[in-house]
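Chain by chain, the residues run as shown.
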Amino acid sequence: MSNSDNGHGISHKHHDHATMIADYWRRFIISTVLTVPIILLSPSLQGFIGFSIDFPGRLFILWFISSIVYIYGGKPFLIGLFNEIRNRLPGMMTLIGVAISVAYAYSTLVTFIIPGKTFFWEIATLIDVMLLGHWIEMKSILGASKAVENLVKAMPSTAHLVRPDGSVVEVHVSHVRVGDRVLVRPGEKIPVDGVVVDGSSSVDESLVTGESKPVYKTVGSKVIAGTVNLDGSLIVEARAVGKNTYLSQVVKLIQTIQASRSRLQDIADRVAKWLTIIALSIGSVTFVVWLLYIGDSVFALERAVTVMVITCPHALGLAIPLVIARSTALTASKGILVRNRSVFERTYKVNTVVMDKTGTLTKGKPVVVEIVPIKKGYDEKKVLQLAASLEKHSSHPLAEAIVKHGEKLGVQLLRVENFKNIPGVGVEGVIDNERIVIASPRYVEEEIKEIPVEAEKYVKEGYTIIFVIVNNEIVGTIILDDEIREESREAVRELKNRGIKVVMLTGDARNVAVRVAKELGINEYYAEVLPHQKAEIIHKLREEGRVVAMVGDGVNDAPALIEADVGIAIGAGTDIAIESADIILVKNDPRDVVQVIDLSKKTYKKIKQNLLWAVGYNVFAIPAAAGVLYFIGFLLPPAIGALLMSASTVIVAVNASTLK
C-alpha cells in the first residue's frame, strides 16, 4: 500500500496537479520580471512611449533576455506543441507554440541578419499572459475538485479495534474486517460503515448529508465512515470497510463523473478542433495576403501571429468542464450525487415528476395519529396504556409505533400475563385478571361481527386501525398511518409552482391513495400498483410526450427508475440503490428533487452562456486580428490579442464559479 493511500482504496491524485500549478506560477513570475527590461529595451515601445535607452550591445542583451523567456516561460507550450503534432491533434498548444516560435525566429533573424522590427516584447507579454491564463484555469479546476478532496481527507487512516477479550488495539483501517467491532471515542472520525452495538452519542454527518444539525445515535443506529463522533463513546460493528464504505463509493462516483465526457462537452471539443484548423488556415492566409498586398513581412507576420494567438480555443475548452465540475461539487456538498452527467444535463426538460408514496412522500413507518375511546370509563390514556403494555412484547412495526407513542406521552406500562401472538390478527394477554386483545378489523368482523361507528370513517379513508378489546368488548381504537413528510408538501407545492406535473404511484389501496393525494395536492395518482406496473405507467406517460423523472426508493422502484427519462433514488447512507438511478438524494428529502431540476436549468444556462461567449468572441476577434479593420485605422496588436483571449478565459471561469 502506498503512503498516499488512507486504507479506503483512495489515493491522493491531486499532488501532480498542484505541482503543475506551482510550476506555472513560478514560470509566470520569473518571465514577468524579465519582461520589464525587455519592454524597456524594445525600440518600438521606446518610440511609442517617447524615451530612448541606447548603448552598445543593447539588441544582443534584448535577444538574450527574450531567449530566456522564450525557452523557460514558453517551455510548457513548446512541449504541448510537440505532443499535439505527434498525436496529430493540433489544438491550443499548437497555436501558442507556433505563434511564439515564428515571432522568436523572425526576431532573431532581425537581430543578427536581416533588417526589420523585432517582436521580443510581444513574445514576452504573450507568454506572460498565457502562463497566467493557464494558471487561472488550473486553479479553477483544482478548486472545483475540492468536494472530492474534502471527502478523501475525511477518511480516517486508523481504527480502535475491539478484540474478543475486550481489549482495544489501534490498527490501520485496512486491517478492519466486516463483523469486527471498533471503538470510536468523542471527537474521532468513524472509520467504517456500521451499526452501533453499544453506547450513544451525537454524530456530525454534515459532510455526507449537508445537514448541520448533529444526529443522535444509539444502539441499532447506522453510522457512516468519515462522519465525526461528537460527545459520547460508541462501539460500532463494521458492515462495510475500505473501498466498500459509502464515502469511498461517493469519491469514486464523483471522480468518474468528472472524468466522463458529456454530450455538450463533445460538441465543444468538435468546435474547438475546427477553430484550431481555422486559426492555422486564416493565420497563414493573413500572412500571405498582407505580404502580397503591402509587401511588409513584419506587418504581415504581426497579423498572422495575432490571428493565431487570439483564435486559441482556450475559453471554449474551459467553458463546459468548469461548469460541470462546479455543479458536481455543489450537488455533492448538498448530498445530491449525479451518477449520469448526460442525464443531469437533460433534467431541465422534465415536465412530469412521478413519486412513489411509501418511503418517498411518506416516512415509510407507521405512527399513531389518533386514539378514539369507545366504551365509557376508558379515556385515551387508558386505551393507549392497555395497548402499549401488550405490544411491548411484540416486534411488529405497528406494535413498535404504539409503544413509542406511549413512551412519548409517559404512559406507565402494566404487568401482562399469558401473553401470546395471534398470527395475522394481533396479540392477547391478561391484565388485572381481564383478557385483553389488540386486534385488526378482520378479527372484529369475525368475532364481534360489527365495526364500531366511531371507526368506520377511518376504515373508509384507508387508515390502519387497531382495536383494543377487553373481555370481548371494544373499549377503544388506535388510528395509525404512514406519516406524510412535511418536506413532501413543500416539494409538491414547489414543483407545481414551476409548472411541473406531479404524479403519485403506490401499491396501497385506492382509498389510501385518494387521502394522501388529497393531503398533498396531487391530482394524478395510481393505486394498487405492482413494481413492474410502475415501469409500464412511466412508459405510458413518456408515450404521451412527457419528459418524466421518477423518484423512488431505488429497490422495488428499480424498473421504473430505469424506464424514466431521469431516475432519482431517494434514500440515506448505504441503503441508496446507486445501480438503478441517474441521480441519488442522500438526505432522503423530496425537496432535493426541486433543487436537482433547478440546478440542471442553471447549469444548462451557464453552459450556453460560456459557449456563446467563447464562440462569439472568436467570431469578432478573428477578423479584427486579421486586420480587416485596418482601413478605418484599427489594428489589434499581438499582446492585446493575447490579453483579450486570456480575459475571455477568465470571464468563462468567473461565470462558471457564479453557479449556485
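Fair warning: this is a prediction, and the values are worked out from it, not measured in the lab.

1. Quick look at the overall build of the chain
Step number 1: Along the backbone of the chain there are 24 helices and 22 strands.
Step number 2: Expressed as a percentage of its 660 residues, the buried residues of the chain come to 51%.
Step number 3: Residue pairs in contact within the chain that sit at least 24 positions apart in sequence constitute 68% of those at least 6 positions apart.
Step number 4: For the chain, the accessible area works out to roughly 30,500 Å², and carbon and sulfur atoms hold 57% of it.

2. What about the nonpolar core?
Step number 1: Val353, Leu495, Ile522, Ile568, Ile583, Leu585 and Val593 are the most contacted members of the largest nonpolar core, which has 41 residues in total.
Step number 2: Here this core gets 7 residues from one element, more than from any other, and that element is helix H23 (residues 591-626).
Step number 3: If sequence neighbours within four positions are ignored, Val353 has contacts with Leu495, Ile500, Lys501, Val502, Val503, Ala549, Val551, Val593 and Ile597.
Step number 4: Grouped together as the second largest cluster of nonpolar side chains are 31 residues, Phe77, Ala103, Leu131 and Val298 included.

3. With respect to the pairing of strand E2 (residues 168-172)
Step number 1: In the sheet, strand E1 (residues 158-162) pairs with E2 via 5 bridges, with the strands oriented antiparallel. Each bridged residue has a counterpart across the sheet, and for His160 the counterpart in E2 is Glu170.
Step number 2: Joining the antiparallel neighbours E1 and E2 is a turn of 5 residues, in which Gly166 adopts a positive phi near 95 degrees.

4. Notes on the UniProt feature "transmembrane region" (unreviewed entry) in the chain
Step number 1: Per the UniProt record, "transmembrane region" (unreviewed entry) is found at residues 28-53, 59-82, 94-113, 119-136, 271-293, 305-325, 611-633 and 639-659.
Step number 2: Secondary structure content for residues 94-113 is 95% helix and 0% strand, and the end C-alpha separation is 27 Å.
Step number 3: Secondary structure content for residues 611-633 is 70% helix and 0% strand, and the end C-alpha separation is 31 Å.

5. What about a nonpolar patch on the surface?
Step number 1: Among the surface-exposed residues, Phe55, Phe60, Ile61, Phe64, Ile68, Leu109, Phe112, Ile113 and Ile114 lie close enough to one another that they form a single nonpolar patch of about 810 Å² accessible area.
Step number 2: Secondary-structure elements contributing two or more residues to the nonpolar patch are helix H3 (58-73) and helix H5 (92-112).
Step number 3: Relative to the elements of secondary structure, Phe112 occurs in helix H5.
Step number 4: The class for Phe112 is partly exposed, based on a relative accessible area of 46%.

6. Some points on the packing of aromatic side chains
Step number 1: All told, the structure shown has 9 aromatic pairs when counted by the stated rule.
Step number 2: Centre to centre, the rings of Trp25 and Phe28 are 5.5 Å apart; their planes meet at 40 degrees, and the pair counts as tilted. Remark: Phe28 and Trp25 occur in helix H1 (residues 15-41); sequence separation between them is 3 residues, near one turn of the helix.
Step number 3: Using a relative accessible area of 35% as the deciding quantity, one classes Trp25 as partly exposed.
Step number 4: The rings of Phe60, Trp63 and Phe112 are connected pair by pair, giving a single aromatic cluster.
Step number 5: One Lys or Arg, Arg27, reaches over the ring of Tyr72 and ends 4.7 Å from the middle of that ring.
Step number 6: Across from the ring centre of Tyr463, 3.8 Å away, lies the NZ or CZ of Arg515, which sits over that ring.

7. Comments concerning unusual backbone geometry
In terms of backbone geometry, most residues other than glycine have negative phi values and most peptide bonds are trans.
Step number 1: The backbone phi angle of Asn418 is positive, close to 55 degrees, even though this residue is not glycine.
Step number 2: Turning to its location among the elements, Asn418 is positioned in strand E13 (residues 417-422).
Step number 3: The phi dihedral of Asp432 falls on the positive side, at around 50 degrees, and the residue is not glycine.
Step number 4: With respect to the helices and strands, the residue Asp432 is situated in the loop between strand E14 (426-431) and strand E15 (434-439).
Step number 5: Judged by its relative accessible area of 62%, Asp432 is exposed.

8. Things to note about the sheet that holds E15
Step number 1: Pairing within the open sheet is antiparallel, and its 6 strands lie in the order E12-E17-E16-E15-E14-E13. Sheet topology places strand E12 (362-373) and E13 at the edges, where each strand pairs with a single neighbour. Pairs of neighbouring strands in the sheet enclose a mean axial angle of 20 degrees, with direction left out of account.
Step number 2: As defined by bridge partners, E12 adjoins strand E17 (residues 473-484) across 8 bridges and the pair is classed as antiparallel. Looking at E17, one finds that Val368 is bridged to Leu480.
Step number 3: Against the sheet, helix H15 (residues 380-391) contacts E12, E13, E14, E15, strand E16 (464-470) and E17, and its axis sits at roughly 105 degrees relative to E14.

9. A look at the environment of Arg546
Step number 1: Note that Arg546 resides in the loop between helix H21 (531-543) and strand E20 (548-552).
Step number 2: The exposure class assigned to Arg546 is buried, which follows from its relative accessible area of 15%.
Step number 3: A sequence separation of 197 residues divides Arg546 from Lys349, and the C-alpha atoms of the two residues are 9.4 Å apart.
Step number 4: Leaving out residues up to four positions away in the same chain, Arg546 has contacts with Asn351, Thr352, Lys501, Val503, Glu524, Leu541 and Asp565.
Step number 5: Side-chain polar atoms of Arg546 contact the side chain of Glu544, separated by 3.2 Å.

10. Side note on the pattern of salt bridges
Step number 1: One pass over the structure, following the stated rule, counts 23 salt bridges.
Step number 2: Between Lys357 and Asp482 there is a salt bridge, and its shortest N-O distance comes to 3.8 Å. Residue Lys357 is located in helix H14 (residues 357-361), and its partner Asp482 is located in strand E17; the two are separated by 125 residues in the primary sequence.
Step number 3: Judged by its relative accessible area of 15%, Asp482 falls in the buried class.
Step number 4: Between Glu544 and Arg546 there is a salt bridge; the shortest N-O distance is 3.2 Å.
Step number 5: Put simply, Asp481, Glu486, Arg489, Arg515 and Glu519 are held in one network by salt bridges that share partners.

11. Here we look at the sheet that holds strand E3 (residues 181-184)
Step number 1: Spatially, 6 strands are ordered E2-E1-E3-E9-E4-E7 in an open sheet, and the strand pairing comes out antiparallel. The sheet terminates laterally at E2 and strand E7 (222-223), the two strands that pair on one side only.
Step number 2: Sheet topology places E1 next to E3; 3 bridges connect them, and they run antiparallel. When the sheet's bridge partners are listed, Val162 is paired in E3 with Arg181.

12. Brief notes about the packing of H15 against helix H16 (residues 397-408)
Step number 1: Remark: H15 packs on H16, axes separated minimally by 9 Å, with the N-to-C direction vectors making an angle of 125 degrees. In terms of axis orientation, H15 runs oblique to H16. The interaxial crossing formed by H15 with H16 has left-handed handedness. Touching Leu384, Ala387, Ala388 and Glu391 of H15 are Ala399, Ile402, Val403, His405 and Gly406, all from H16.
Step number 2: The residue inventory of the contact of H15 with H16, partitioned by class, reads 6 nonpolar, 2 polar and 1 charged.

13. Quick notes on the side chain of Gln385
Step number 1: By the secondary structure assignment, Gln385 is in helix H15.
Step number 2: Residue class for Gln385 comes out buried when judged on its relative accessible area of 16%.
Step number 3: Polar contacts involving the side chain of Gln385 include one to the main-chain carbonyl oxygen of Gln412, which spans 2.8 Å.
Step number 4: Excluding residues within four positions of it along the chain, Gln385 makes contact with Val411, Gln412 and Leu414.

What counts and how
Every residue gets a number counted from 1 within its own chain, in the order that chain's sequence is written. Per-residue local features of the predicted model are confined to residues with pLDDT of at least 70, and side-chain atom pairs are confined, for both listing and counting, to 80 or more; whole-chain, interface and lining totals are unaffected and use all residues. Just so you know, side-chain values use all the structure's heavy atoms and leave hydrogens and water out. Starting at the N terminus, helices and strands are each numbered in turn, a helix being any DSSP run of H or I of at least four residues and a strand any DSSP run of E of at least two. Residue exposure (1.4 Å probe, protein chains only): buried if accessible area is under 20% of the type maximum, exposed if over 50%, otherwise partly exposed. Throughout, a residue-residue contact means that at least one pair of heavy atoms, one from each residue, lies within 4.5 Å. Note on areas: Shrake-Rupley with a 1.4 Å probe; residue coverage comes only from the protein chains shown. Among buried residues, those of type Ala, Val, Leu, Ile, Met, Phe, Trp, Tyr and Cys that are joined through side-chain atoms within 4.5 Å constitute a nonpolar core. Pairs of strands are assigned from DSSP output, requiring at least two bridges between the strands. UniProt positions are given in the numbering used here, feature names are shortened, and annotations may be inferred rather than shown by experiment. Patch members must show over 30% relative accessible area and no salt bridge, and they are joined within 9 Å when carrying like charges or within 5 Å when they are nonpolar side chains of Val, Leu, Ile, Met, Phe, Trp or Tyr. Salt bridges are identified by distance alone: a Lys or Arg side-chain nitrogen within 4 Å of an Asp or Glu carboxyl oxygen. Here a pair means two rings of Phe, Tyr or Trp (six-membered ring of Trp) with centres within 6.5 Å. Their orientation is stacked below 30 degrees between planes, edge-to-face above 60, and tilted elsewhere. Note on criteria: charge over ring means Lys NZ or Arg CZ within 6 Å of the ring centre, with the direction from the centre no more than 35 degrees off the ring normal. Angles shown run from 0 to 180 degrees and are taken between the N-to-C directions of axes, each axis being a line fitted to C-alpha atoms and, for helices, limited to the stretch in contact. N or O atoms closer than or at 3.5 Å make up a polar contact, with two conditions inside protein: a donor-capable atom paired with an acceptor-capable one, and, for residues adjacent in sequence, both atoms drawn from side chains. Roughly parallel means an angle under 35 degrees; roughly antiparallel means over 145; roughly perpendicular covers 65 to 115; every other angle is labelled oblique. Crossings are classed by handedness, with left-handed meaning an anticlockwise turn of the near helix from the far one by less than a right angle and right-handed meaning a clockwise turn. Under the scheme applied, nonpolar residues are Ala, Val, Leu, Ile, Met, Phe, Trp, Tyr, Cys and Pro; charged residues are Asp, Glu, Lys and Arg; polar residues are all the others, including Gly.

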